[in-house]
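Letter by letter, the chains look like this.
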Amino acid sequence: MFKAATISCVLLLSIFQATFAEIINIGIYHNAKITSFIFHPEEGTYSVFTEQGKLLDLDKSELLELKYVNNRIAIKSLDKDYGSFKKVHFIGTSWNNSFKIKSSKSKRIKIYEDNLFVNLHNYYNYFQLINNIEIDNYVAGVVESEVGRSPPPEYFKLQAIICRTYALKNLERHRAEGFSLCDKVHCQAYNRKPKSVLIKEAALETNGIVIVDSDINLITATFYSNCGGETAKSEEVWKQKLYYLRSVKDTFCLHENNAVWEKKIPKTKWTNYLVSHGFPKGSLQHECSVEYFQNCREQFFENQNVQIPFTTIRKDFHLKSAQFNVIPSGNFVTLKGKGFGHGVGLCQEGAMKMAKTGYSYIDILHFYYEDVHMINLESLAFFKADY
Ligand SMILES: [Zn+2]
Ligand SMILES: [Zn+2]
């Protein structure tokens, strides 16, 4: 019954589309230790504010240099010295605003949308840069940074919903540092304003849509490259059992780039490893005792009453996945594996294939996340309101 309600929610999205706009604070150049940079409007106009009030207006013909000097932010243009301050805010004043940054640490110019807050780092001698940005602009930047520009448009919509859900579920992650999310893979990769118009459209078209569980809480929308034919349950990889992160058989990814892998390692290295985990030394003399086949996704490498979680072996040998067979030959064993990544939640290569084949982003989400619902944030606020 809820599915029907979800579909109506999705159909109702267009009503809310123009109304939802959330601003989010992203720590950019995180840990890059920026001590000087040039700010240049790329689109629109900016007003510059400091702790003393408005300092000046900037348009595309102008640029400012900001430098860390004696625990202050010194501001200069090409022909004027504006003095030094404790904080500087660049606020966009046109309909669309974006700016270029050229930092002291990199030759590459990066472009970001909306506003920029410049603070002095609490403990160290460098700036803290915060991109104060409308969430859909951020989501589009993340989608392009995470998956590039080649997937089909339907896939961009799917990834936009996942990135938005992730961002809103993790708003507190960097609260102690004064922003919500950083721009590294620790949170979600966010490199710059997207170049692709299709990605921008996908973020705007799915405006406000997030994925929730049966208690109307935002889900942990995990994803990875390729499941190798079968996704993993959440508790197989992490401790937490989440009902919507179940194992599904996936034939869509079987012929994609990361479907299979191989790694050859010296046999002694492998047997020593098994012995260090409790396998009796004498039990590994014969080839057949080293051989191992995972018929379907298994949780433990299990033999001689000894168990090692496949996720542990994956970590210890830096393997692409925890799904593999062990085949001995001579002085080596070959690990023949399937998939790339932890395997929990959405399989990106499978999902891209589904999108190319004509499935909608709604079909694809329901395929990988069991019994979840897509809902608009306006509706989420309604469900969560106290009565
Ligand atoms: Zn982070
Ligand atoms: Zn897959």
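Residues numbered from 1 in each chain as written. Chains lettered and ligands numbered in written order. Predicted model: local features only at pLDDT ≥ 70, side-chain atom pairs only at ≥ 80, totals over all residues.

Enquirer: In this structure, what is going on with the sheet that holds strand β12 (residues 127–134)? I would like to understand it.
Expert: As a general point, the strands of a sheet are linked pairwise by backbone hydrogen bonds and lie either parallel or antiparallel. Taking strand neighbours across the sheet as the criterion, the seven strands line up as β4-β3-β8-β11-β12-β1-β13 in an open arrangement whose pairing is mixed. A strand with exactly one partner marks an edge of an open sheet, and here the two such strands are β4 (53–58) and β13 (181–182). Pairing of strand β11 (residues 115–120) with β12, which is carried by six bridges, proceeds in the antiparallel orientation. Looking across to β12, one finds that Asn 119 is bridged to Gln 128. (Pairing = 2+ DSSP bridges. Helix = DSSP H or I, 4+ residues; strand = E, 2+ residues; numbered from the N terminus.)

Enquirer: Looking at this structure, I do not really get the domain arrangement of the chain. What am I missing?
Expert: Frequently, the measure chosen for interface size is the accessible area that the parts lose on association. Annotation of the chain at the domain level lists domain 1 (27–132) and domain 2 (260–338). Taking only C-alpha atoms, the centre of domain 1 and the centre of domain 2 are 53 Å apart. (Domains from an automatic or database assignment.)

Enquirer: What's the story with the environment of Lys 157 in this structure? I'm lost.
Expert: By the secondary structure assignment, Lys 157 is in helix α3 (residues 153–169). Given 25 C-beta atoms within a 10 Å radius, Lys 157 is considered buried. When the C-alpha atoms of Lys 157 and Ile 209 are compared, they prove to be 9.9 Å apart, with 52 residues separating the residues in sequence. Those residues in contact with Lys 157 that sit more than four places away from it in its chain are Ala 202, Glu 205, Thr 206 and Tyr 361. (Buried ≥ 20, exposed ≤ 12 C-beta atoms within 10 Å, placed from the backbone. Contact = placed C-beta atoms within 7 Å.)

Enquirer: Please explain the pairing of strand β8 (residues 87–92) as it appears in this structure.
Expert: The alternating pattern of β8 places Val 88, Phe 90 and Gly 92 on a buried face, while none of Lys 87, His 89 and Ile 91, on the opposite face, is buried. Two elements, strand β3 (residues 46–50) and β8, share five bridges in a ladder whose sense is antiparallel. Bridge pairing in β8 links Tyr 46 to Gly 92. Relative to β11, β8 runs antiparallel, the two sharing four bridges. Looking at β11, one finds that Lys 87 is bridged to Asn 119.

Enquirer: Is there a simple way to think about the environment of Tyr 155 in this case?
Expert: Mapped onto the elements of the fold, Tyr 155 is located in helix α3. Note on Tyr 155: 23 C-beta atoms within 10 Å, which makes it buried. Note: C-alpha distance between Tyr 155 and Leu 335 (180 residues apart in sequence) is 32 Å.

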